[in-house]
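# A look at the structure
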Amino acid sequence: MRTFVTVLAGLAVIYFGFSGSRDSGGEGGVSGGVVLLALLASLLAWNLTKPGPAK
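Everything numeric in this text was worked out from a predicted model, so none of it was measured.

## Brief notes about the packing of aromatic side chains
- Considering all chains together, one arrives at one aromatic pair under this definition.
- A ring pair is formed by Tyr-15 and Phe-16, whose centres lie 5.2 Å apart and whose planes are at 70 degrees; its orientation type is edge-to-face. The burial state of Tyr-15 is the same as that of Phe-16; both residues are exposed.
- If you follow Arg-2 out to its NZ or CZ, it ends over the ring of Trp-46, 3.7 Å from the centre.

Given below as structure tokens:
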């Protein structure tokens, strides 16, 4: 489940970054900044979904 959420976060950033650049008249590719944001979102999701200590 943790891996699924992480991949989904990264893909969501890429999707919205790609659709935003297409609407604003960009050249139609995914920029390096969007890929970096996707990586950061994935790492954040991975960190936030780690299991806590056992009780």
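## Description of the UniProt feature "transmembrane region" (unreviewed entry) in the protein
- Those places that UniProt annotates as "transmembrane region" (unreviewed entry) correspond, in this numbering, to residues 29-49.
- Taken end to end, residues 29-49 has its terminal C-alpha atoms 30 Å apart, with 81% of it in helix and 0% in strand.

Procedures and definitions
Per-chain numbering applies: the sequence of each chain, read as written, is numbered from 1 onward. Where local features are concerned, this predicted model is filtered to residues with pLDDT of at least 70; where side-chain atom pairs are given and counted, the filter is 80 or more; whole-chain, interface and lining totals use all residues. Side-chain metrics rest on all non-hydrogen atoms present in the structure, leaving aside hydrogens and water. For this analysis, a ring pair means two rings from Phe, Tyr or Trp (six-membered ring only for Trp) whose centres lie within 6.5 Å, classed as stacked if their planes differ by under 30 degrees, edge-to-face if by over 60, and tilted for the remaining angles. Whether a residue is buried, partly exposed or exposed follows from its accessible area with a 1.4 Å probe, protein chains only, as a fraction of its type maximum: under 20%, in between, or over 50%, in that order. Criterion for a charge above a ring: Arg CZ or Lys NZ at most 6 Å from the ring centre, at most 35 degrees from the ring normal. UniProt positions are given in the numbering used here, feature names are shortened, and annotations may be inferred rather than shown by experiment. Secondary structure elements follow DSSP: runs of H or I of four or more residues count as helices, runs of E of two or more count as strands, with numbering from the N terminus.

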